[in-house]
Amino acid sequence: YQIVLRACRGNYVAGTTDNGTPVDWTYGRTLGVFSFTKVQSSVYEHSATANSTFSGWQLPGTEAHAQQFVGTGDATAYWNCR
């Protein structure tokens, strides 16, 4: 799951996995120059990627967080569950 942000504002999404399990996902830009993404699942291992910075796999109930300096370029946010 991916989104590309070109604006300097954050968003909140309550996403779902392919089988409908809820996932809490927050993503956006901070200070206008950092891409960030946070994701949490209470069921699956999960990870977050901000541009090319990977959070690593986290256990259910633990937030995955990634942040990367992007300057004025695109901020791209991803999450994954397994």
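Our subject is the structure listed above.
Rules used throughout
Residues numbered from 1 in each chain as written. Predicted model: local features only at pLDDT ≥ 70, side-chain atom pairs only at ≥ 80, totals over all residues. Heavy atoms only, no water. Phe/Tyr/Trp six-rings, centres within 6.5 Å; stacked < 30°, edge-to-face > 60°. Lys NZ or Arg CZ within 6 Å of the ring centre and 35° of its normal. Core = buried A, V, L, I, M, F, W, Y, C linked by side-chain atoms within 4.5 Å. Buried < 20%, exposed > 50% of the residue type's maximum accessible area, 1.4 Å probe, protein only. Helix = DSSP H or I, 4+ residues; strand = E, 2+ residues; numbered from the N terminus.

Student: Describe in detail the packing of aromatic side chains, supporting the description with residues and values.
Tutor: Applying the stated criterion across every chain, the model contains 4 aromatic pairs. Put simply, the rings of Trp25, Tyr27 and Trp79 pair up and form one aromatic cluster. Positioned over the ring face of Trp57 is Arg82, at 4.1 Å from the centre of the ring.

Student: Residue-level account of the nonpolar core, with values.
Tutor: Of all hydrophobic cores here, the largest spans 9 residues; its members are Val23, Trp25, Tyr27, Val39, Ala48, Ala64, Ala77, Trp79 and Cys81. Of all the secondary structure elements, the ones that give two or more residues to this core are strand E3 (22-30) and strand E8 (75-81).

Student: Describe the environment of Leu31, with residues and values.
Tutor: Inspection of the secondary structure assignment puts Leu31 in the loop between E3 and strand E4 (34-40). Taking relative accessible area as the criterion, Leu31 reaches 78% and is therefore assigned exposed.

Student: I'd love a proper account of unusual backbone geometry, names of residues and values included.
Tutor: One non-glycine residue, Leu31, adopts positive backbone phi at about 55 degrees. The residue Asn51 is not glycine, and still its phi comes out positive at about 55 degrees. Mapped onto the elements, Asn51 comes out in the loop between strand E5 (46-50) and strand E6 (53-54). Classification of Asn51 by relative accessible area gives partly exposed; the value is 21%.

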